[in-house]
Every structure is written in structure tokens, then in C-alpha cells.
Amino acid sequence: MTSTQNALHLIVNASPVVQAIMAILAILSLLSWYAIFSKYATLRRAQATTATFEREFLSAKNVAQLFQGSLNNRAKAGSMERIFVAGMQGFEQANGQNANARLEFAQRSMKATFQREIDEMETKLPFLASVGSVSPYIGLLGTVWGIMSAFMGLSTAEQSTLASVAPGIAEALIATALGLFAAIPAVLAYNRFTAQVDRLALRYESFIDDFSNTLQVQS
């Protein structure tokens, strides 16, 4: 038998408790990989739309025209563009008030939209963090249970040999391996995505400051 066939044989012949733990770990692993691919696509799209709108904003000669174009392109707008639209709408809604009040209203609108965008980007990250921290312990539970069952069986055997206890210990260690298999990608993805969200948040905050200065000049 190959190592893969041996592993499958041990899983099939494992105790029901260990099999249930392995099933839980397999489900967690599948869900975490779905979250990883989904979040990767979301953040990649956010980075692309942010870079595109930054270029448009820096090259725009008239923010009013840019605002109208953003309203027409609302369905495809990215996070930074939505922050821009919120700021312009807040600035226009406060029309008739003094310049400071209009600017403050626009800033509040942008910060509220900023927080919603960041909250949306951070979805699925707590799940990845939970999988990364909990999976090894679930795998360890399966290992402890499997080793305990192996030694209990050894105590009732007429002849105690390594061959009689080895399968039970091996199936127990597979649970730990599955726990690590689920945890390692989740931890790596969580760290990477958290760093990307933090960088995007800094870009959005810088944009809010720059756009606030632009509005202040125009008001």
C-alpha cells in the first residue's frame, strides 16, 4: 500500500469519535478555502478599482464632472469612489450653510462610508482566524481520543505488541495532521488579507484628507 492508501485505510477504520472529528476538520478546511478564494477575489478587485479611481481623481480638473461620472458608474464603483460620492453628496446637501459646516458634513459622510467599506472587506476574516486557532485543538482532541482508545484496547489484549497499538496511534495522529492542514492556510491567509485591508484603509484615509482639502479650497 502507498502512504495515501494507508492513510485512507486508517481513516475508514478509525473509531466513530475520531471519524467525526476528522469530518469536522474537513468541513472547516473546505469552508476556509472557500473564504480564502472569495476574499482574495474581493480584495484584488478593491485594489484594482482603488488604483483606477486614484488616477481619475488626480487627473480630474473638475470634481463636479468626476462626481457626475461616478454617479453614472455607480454599479461598477469601488470603495474609494463610493467614499468620494458620499463626500460630494454630503457637501451638496449642506449647501446654504457656512463653509466649515459643509466640510464637516462631507467628512462625516465619507468617514461613515469608509467604515462600512472596511467592515465589508473584513468579512470572513474572523472566520479564518477562528479556523486557524481552533483547528489544531480539534485535531489534538482526536489524537488524544485515538491514543486513549488504542491503549485501552492494548490493556485488554492477550499479547501487547507494537503492531497491536500502532494502527490506533497512527489514526490518532492523522487527526492532528488534518487539524494543521486546516489551520495553516487559514492563518497565512488571515495575516495576508489583514495586511491588505490595513493598506487599503490607509489609502482611503489619505484620500479623505486630500479630498477634504480640495473641498475646503472650493468652498
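Residues numbered from 1 in each chain as written. Predicted model: local features only at pLDDT ≥ 70, side-chain atom pairs only at ≥ 80, totals over all residues. Heavy atoms only, no water.

(A) Broad picture of the overall build of the chain. The number of helices and strands found in the chain is seven helices and zero strands. Scanning the chain from its N terminus toward the C terminus, one meets helices and strands in the order α-α-α-α-α-α-α. In the chain, once contacts between residues fewer than 6 apart in sequence are set aside, the share between residues at least 24 apart is 78%. (Helix = DSSP H or I, 4+ residues; strand = E, 2+ residues; numbered from the N terminus. Contact = heavy atoms within 4.5 Å.)

(B) Quick look at the pattern of salt bridges. Summed over the entire model, instances satisfying the criterion amount to three salt bridges. A salt bridge links Arg203 to Glu54, with the shortest nitrogen-to-oxygen separation between them at 2.6 Å. Here Arg203, found in helix α7 (residues 162–218), pairs with Glu54, found in helix α2 (residues 16–59); they are 149 residues apart in sequence, far enough to count as distant. (Salt bridge = Lys/Arg side-chain N within 4 Å of Asp/Glu carboxyl O.)

(C) Helix α5 (residues 99–121), seen in detail. Here α5 is 23 residues long and its end C-alpha atoms lie 33 Å apart, about the 33 Å a rise of 1.5 Å per residue gives. Taken together, the buried positions of α5 are occupied by Arg102, Leu103, Ala106, Ser109, Met110, Thr113, Phe114, Glu117, Ile118 and Met121. (Expected span 1.5 Å × (residues − 1). Buried < 20%, exposed > 50% of the residue type's maximum accessible area, 1.4 Å probe, protein only.)

(D) Broad picture of the packing of aromatic side chains. Evaluated as defined, the whole model comprises 10 aromatic pairs. When the ring of Phe57 is compared with that of Phe211, the centres are 5.8 Å apart and the planes differ by 85°; the resulting orientation is edge-to-face. Placement of the pair is Phe57 in helix α2 and Phe211 in helix α7, with a sequence separation of 154 residues. Here Phe57 and Phe211 have matching classes, each one buried. (Phe/Tyr/Trp six-rings, centres within 6.5 Å; stacked < 30°, edge-to-face > 60°.)

(E) Summary view of a negative patch on the surface. A contiguous patch of negative charge, built from Asp119, Glu120, Glu122 and Asp198, is present on the exposed surface. Position of Asp119 relative to the elements: it lies in helix α5. You can call Asp119 partly exposed: its relative accessible area is 38%. (Patch = residues over 30% accessible without salt bridge, like charges linked within 9 Å, V, L, I, M, F, W, Y side chains within 5 Å. Areas by Shrake-Rupley, 256 points an atom, 1.4 Å probe, with all protein chains shown as cover. Lys, Arg positive; Asp, Glu negative; His and termini not counted. Charge placed at Lys NZ, Arg CZ, Asp CG, Glu CD.)

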